[in-house]
Amino acid sequence: MTAQRRNESLQDVPVSVTSISGKALENSNFQSITDLQYIVPGVQFDPTNGAAFQIRGVGSTSFDYSNEKSVSLVVDDVVMDAQRDTGLTGLSDIQQVDVLMGPQGTLFGKNSTSGVIAITTVKPVLGQFSAKGSVSYGQREDHNVSLTLNVPLGDTLALRVTGFDQGQQGYGRYTTLNQPLNSFKEYGYRAKLLFQPSDRIDLTYINDYQHHWDNFIRTSVSCATAAVTALQIANGVTPGPENDDDADSKMGRTRTSTWGHSLRAQARIGRDTLTSITAYRETRYIGDAPANLVPANLFAFLPYNEGTIRTRKFSQELRWASPTGGFVEYLGGLFYNRLRNDSTQLQWATLGTPLVSSTGVPLTRFFALTGAIGDPGNAVRFQTTNTTSAAFGQLKFNVTQRASLALSGRYTRDNNSQDYRFFWLDPLPITGVNATFTPTAAPPVQPFGRIKGDNFSYRVAGQYKLADAVMLYATWSTGYKPGGPGYVGNIYSPYKDETVKSLEAGIKTELFDRRVRLNFDVFTSKFTDFQTSLVTFVPGNPLAVVAIGNAGGLKSEGAEASFAWRVVDGLTLTGGLTYADAHFTDYAYNATTNYGGTMLTNAPKWQGNISASYDHDVTGNLRLRANLDYAYRSKVWSTIGQPAYSEISGYGIANGRISLSPADRDLEIGVYARNLFDTYYSAAFQQYSTLSLVHYIARDAHRTIGVFAKFSF
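Residues numbered from 1 in each chain as written. Predicted model: local features only at pLDDT ≥ 70, side-chain atom pairs only at ≥ 80, totals over all residues. Heavy atoms only, no water.

Trainee: I would appreciate a short explanation of the nonpolar core in the present structure.
Mentor: One recurring pattern in soluble globular proteins: nonpolar side chains tend to sit buried together. Counting 37 residues, the largest nonpolar core has L25, L36, V40, V97, V99, I117 and I119 as its most contacted members. Among residues more than four places away in sequence, those in contact with I117 are L36, F53, I55, V71, S72, L73, V74, V97, D98 and V99. (Core = buried A, V, L, I, M, F, W, Y, C linked by side-chain atoms within 4.5 Å. Buried < 20%, exposed > 50% of the residue type's maximum accessible area, 1.4 Å probe, protein only. Contact = heavy atoms within 4.5 Å.)

Trainee: I would appreciate a short explanation of the packing of aromatic side chains in the present structure.
Mentor: Both the distance between ring centres and the angle between the ring planes are used here to describe each pair of aromatic rings. In total, this model carries 27 aromatic pairs according to the counting rule given. Geometrically, the ring pair formed by Y420 and Y487 is tilted, given 4.6 Å between the ring centres and 50° between the ring planes. Placement of Y420 in strand β22 (residues 403–423) and of Y487 in strand β26 (residues 487–488) is noted, with a sequence separation of 67 residues between them. In this structure, Y420 and Y487 share a single accessibility class: buried. Following the ring pairs from residue to residue traces out a cluster consisting of F527, F530, F584, Y587, Y589 and Y595. (Phe/Tyr/Trp six-rings, centres within 6.5 Å; stacked < 30°, edge-to-face > 60°. Helix = DSSP H or I, 4+ residues; strand = E, 2+ residues; numbered from the N terminus.)

Trainee: In this structure, what is going on with the pairing of strand β19 (residues 328–349)? I would like to understand it.
Mentor: Looking down a regular strand, the side chains alternate between one sheet face and the other. Bridge count for strand β18 (residues 304–321) against β19 is 18 bridges, and the pairing is antiparallel. In the sheet register, F314 faces β19, and the bridge partner there is R338. Turn length for the β18-β19 hairpin, with the two strands adjacent in sequence and antiparallel, is six residues, and the turn residue G325 shows positive phi of about 110°. Two strands pair when backbone bridges link them, and β19 and strand β21 (residues 379–397) are joined in this way by 18 bridges, in the antiparallel orientation. Looking across to β21, one finds that R340 is bridged to T385. One ladder, built from two bridges, connects β19 with strand β20 (residues 365–372); its direction is antiparallel. For A349, the partnering residue across the bridge sits in β20 and is F367. (Pairing = 2+ DSSP bridges.)

Trainee: Help me understand the pairing of strand β9 (residues 142–152), please; the structure alone is not making it clear to me.
Mentor: Two elements, strand β8 (residues 130–138) and β9, share nine bridges in a ladder whose sense is antiparallel. Looking across to β9, one finds that V135 is bridged to V145. Relative to strand β10 (residues 157–168), β9 is paired through ten bridges, and the arrangement is antiparallel. Pairing of P152 across the sheet is with A158, part of β10. Hairpin remark: β9 followed by β10, antiparallel, with four residues in the connecting loop; positive phi at G154, about 100°.

Read these as spatial facts, not as claims about activity.
Here it is, written out as structure tokens:
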């Protein structure tokens, strides 16, 4: 694994890290990178307010495009910092996923105040032709098809190409449209070209493309008016905490396309290694999320709510590293990242007036929530540029064969700017009428903002081997996220830098002739000026807005344990347990509202999983493979302040698969199940203005059973 930007044994790294192999990902039956929250204890994914990962309960979600994520997602050494870009939609041809807990900003390029998810895909192999594929099909048209080819192109070139197509119909229904709700479709490819002219030089060029479509939308739980509730029931929807249906006459949907290029060049110079990673990426996103709950000709609230995002990103990283094993090991590097975002949004509301009158006359006047009094525009445009440059390094002193001390540091300079303007968008193609608009808010006094900052973060890590397979470690680290220009409604409201100080100590062991691996650690992290998002109301705007600001203090503390046990040949048990208490220590939002002492959103105190894998011959010519895993998380709240309506009870989900393979053939046929016991759960609850209490439907909140086949040669 590469927790310290080197190939090292996980057991020799003074960091709490969970490594998931590509095989383990296949056995889990999950389909998206966001499903890591069900595989790795301590990892969560929050689908609200911009969507982002959390580690140890801590992460920031925001619709503000100048805001950086607290958990950095890195794919093949490239930081995926753009909105809506994971760089990896399908989990195909993955070598491993390393989840690094706690601040990792000194060596990993962008922020990482809560942790890093580092994904490595399989590298091309010289001189070898191979192919592998898989196909699965299950309930509600659940399907996943993938094919990987490794093609030699002479003695020094090899090409590896992976393509995939996956999707599933949602369990819920658009009752008015007679269409499934919460469906998704994804497809894409990744091509890697390896050029290795000698054993001292290799270059890998990567090109990837992914497309995602879904009609994931919030559905009604309660608190709508009696008239709206009656219309819902009349149109086949019964509001409630397990409601998956919606009666809107217009489908909500999102479409995302991401693609990129990267070149990884590595040269061994003397005994040292020079590595260069150059990357360019783009993202296109279109979102349509009407909020009416019932047919808009009977009642409409926010019938037109559409947004677009376009991002362009360039990054360059250079690293110079010594070999391992000497008295002094050193690593140094430079990093540059520039991300440009151009996004638009329109919100045209009626706030209760139907789109068609009782006499059949179309509505022609709307409230322009994305408009300003005195400005002719009816839509808003954000243009954001985030630029980061940094220098970093690490010195590790192997004081004895058993004791070592590593010192890491990073100097970072950030320049974040945002432009906030209104423009006119022709309503006829969207509404079907030549509409007029009433803006609801005052114009911004300052439509452009720029925030610059710099920081020095560091880490001190000591480790001592009590025996060859028993290592103690302690790490003190600091981290940083830059401030940025932010807007609360139309009001310019910049937010400050976020910093963190973290202490972690642990033990890593391999026992009983290395048949048992047992790791344990304790940690405490204190955040200052933590950047968080809050649903709030702005004078003049009838809908709540999601505003980013600084909480004075946040603390995450707890303990983690993980194990792997090779019980007998063919049978392995693995598992982990995390206790993380992530709560605000100082967050006085205003004179009457204080969130001090409350939990961070989507932050379970307890999270754990256990998995059993079996792989063994059952007859002379037949092999049995089986996998069963169970993941649990305790209750969370999806809104700051822990209001009762946003509580999500604790739940656990089980997944399994079993297959048979002829002993002399690379063929595997079996059955799989996700959410084996059909446990229902919601991803989040949210009070949507005065319309209704709604919830985000979890995609795997219903059981899926299917069959699969795999081959390779």
